Amino acid sequence: MPHFEQAIAASQGARRYQEDAAAVWSHPDTHSVLLAVLADGMGGHAGGAKASQLVCEKTIESFSGSTGDTPVRLKQALNAANKAIARTVDHNPALSGMGSTMIAAVFGPGGLEWVSVGDSPLYLYRRSKITLLNEDHSLAPALDQMVAEGRMTLAAAHNDPRRHMLRSAVTGEDLELVDLSRKPLALEPGDYVILASDGIHTIEEGEIARIVASHAGEGPQAVADTLVNAVLGAGELHQDNVTIVAVRLSPATAGDDVA
């Protein structure tokens, strides 16, 4: 059976508080199934931090307490997290406006499956290349499409204040957009999967690939720590919170069939 190694690294960046949260859970008997959750909160210090922590807790609580097909369990976990946000706001109206992005990624014998809402990226590193696996539910893709169509300059799109506005988030309301993987993605020896908050966008995807390639052999903690340090080293004046979860198939079991 496959075994997965994981690590988490985080920084609040230039912000006065941390609104990101991340957590992992593995099957207590076989450890052959790993669930990684990352959430980027919004709604101010109290609201954003509470929302992201609640999303992580309720996602793990729901998924670990259920059985059956992984996509169904992931959707149920997302709904449980969304309902928990709604109940919290109902009990404390001062937290109105709180919410969070969410990535829940399941690693198992069949490979990788996920559900995500918002703009927190889920990357696959494979053979020196980085691929974005999940949908971006911010306005960034729409602005980039306008650049491709010649209706906006690249500089204008990158500097547009609407770029990071979310079209969908876990807020307790109806979920406008949800990205649910259609089938498991088989993982190969040497692959890394990176869950990140959008603070990682300070560095380019090519730099992410270079860092993973340089530190892959040292394990997930070295990869996660170096990615966070690279973001901070870029010197962005208003650097957002950045959180990284790095996961790989354990080299000890990389010969197992995970397809």
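Just so it is clear, the structure is predicted and the values come from calculations on it, not from any experiment. (Residues numbered from 1 in each chain as written. Predicted model: local features only at pLDDT ≥ 70, side-chain atom pairs only at ≥ 80, totals over all residues. Heavy atoms only, no water.)

Draft legend 1. Molecular detail of the overall build of the protein chain. Secondary structure summary: the protein chain contains six helices and 11 strands in total. Along the first, second and third principal axes, the C-alpha atoms of the protein chain reach 45 × 40 × 35 Å. In the protein chain, buried positions account for 49% of the 259 residues. Taking the contacts inside the protein chain whose residues are at least 6 apart along the sequence as the reference set, 71% of them involve residues at least 24 apart. Surface accessibility of the protein chain: about 11,900 Å² in total, with carbon and sulfur atoms responsible for 49%. (Helix = DSSP H or I, 4+ residues; strand = E, 2+ residues; numbered from the N terminus. Buried < 20%, exposed > 50% of the residue type's maximum accessible area, 1.4 Å probe, protein only. Contact = heavy atoms within 4.5 Å. Areas by Shrake-Rupley, 256 points an atom, 1.4 Å probe, with all protein chains shown as cover.)

Draft legend 2. Highlighting the nonpolar core. Counting 27 residues, the largest nonpolar core has Leu35, Val55, Phe63, Ile85, Met102, Ala104 and Val170 as the members making the most contacts within it. Of all the secondary structure elements, the ones that give two or more residues to this core are β2 (20-26), β3 (34-42), α1 (44-64), α2 (70-91), β5 (102-108) and β6 (111-117). Here the element with the most residues in this core is α2; it accounts for seven residues. Apart from the residues within four sequence positions on either side, Met102 is in contact with Leu38, Val55, Thr59, Leu78, Val115, Ser116, Val117 and Val170. (Core = buried A, V, L, I, M, F, W, Y, C linked by side-chain atoms within 4.5 Å.)

Draft legend 3. View of α2. Under the 1.5 Å per step criterion, the end-to-end length of α2 is 31 Å for 22 residues, consistent within 8% with the ideal 32 Å. Every buried residue belonging to α2 is among Thr70, Arg73, Leu74, Ala77, Leu78, Ala81, Asn82, Ala84, Ile85, Thr88 and Val89, and all of these are buried. (Expected span 1.5 Å × (residues − 1).)

Draft legend 4. Molecular detail of the sheet that holds strand β10 (residues 192-196). Across the sheet, five strands lie side by side as β1-β11-β10-β7-β8; this open sheet has antiparallel pairing. The sheet is open, and its two borders are formed by β1 (4-11) and β8 (129-132), each paired with just one other strand. Averaged over all pairs of adjacent strands, the angle between their axes in this sheet comes to 20°, without regard to strand direction. Inspection of the sheet shows β1 paired to strand β11 (residues 242-249) by eight bridges, in the antiparallel sense. (Pairing = 2+ DSSP bridges. Axes fitted to C-alpha atoms, helices over the stretch in contact; angles between N-to-C directions.)

Draft legend 5. A look at the pairing of β10. The buried fraction of β10 amounts to five of the five residues, a majority that puts the element mostly inside the structure. Residues of β10 alternate between two faces, with Tyr192, Ile194 and Ala196 on one and Val193 and Leu195 on the opposite face, all of them buried. Pairing geometry for strand β7 (residues 122-126) and β10, over four bridges, is antiparallel. Counterpart to Leu122 in the pairing with β10 is Leu195. Here β10 pairs with β11 via five bridges, running antiparallel. The residue bridging Ile194 from the neighbouring strand is Ala246, located in β11.

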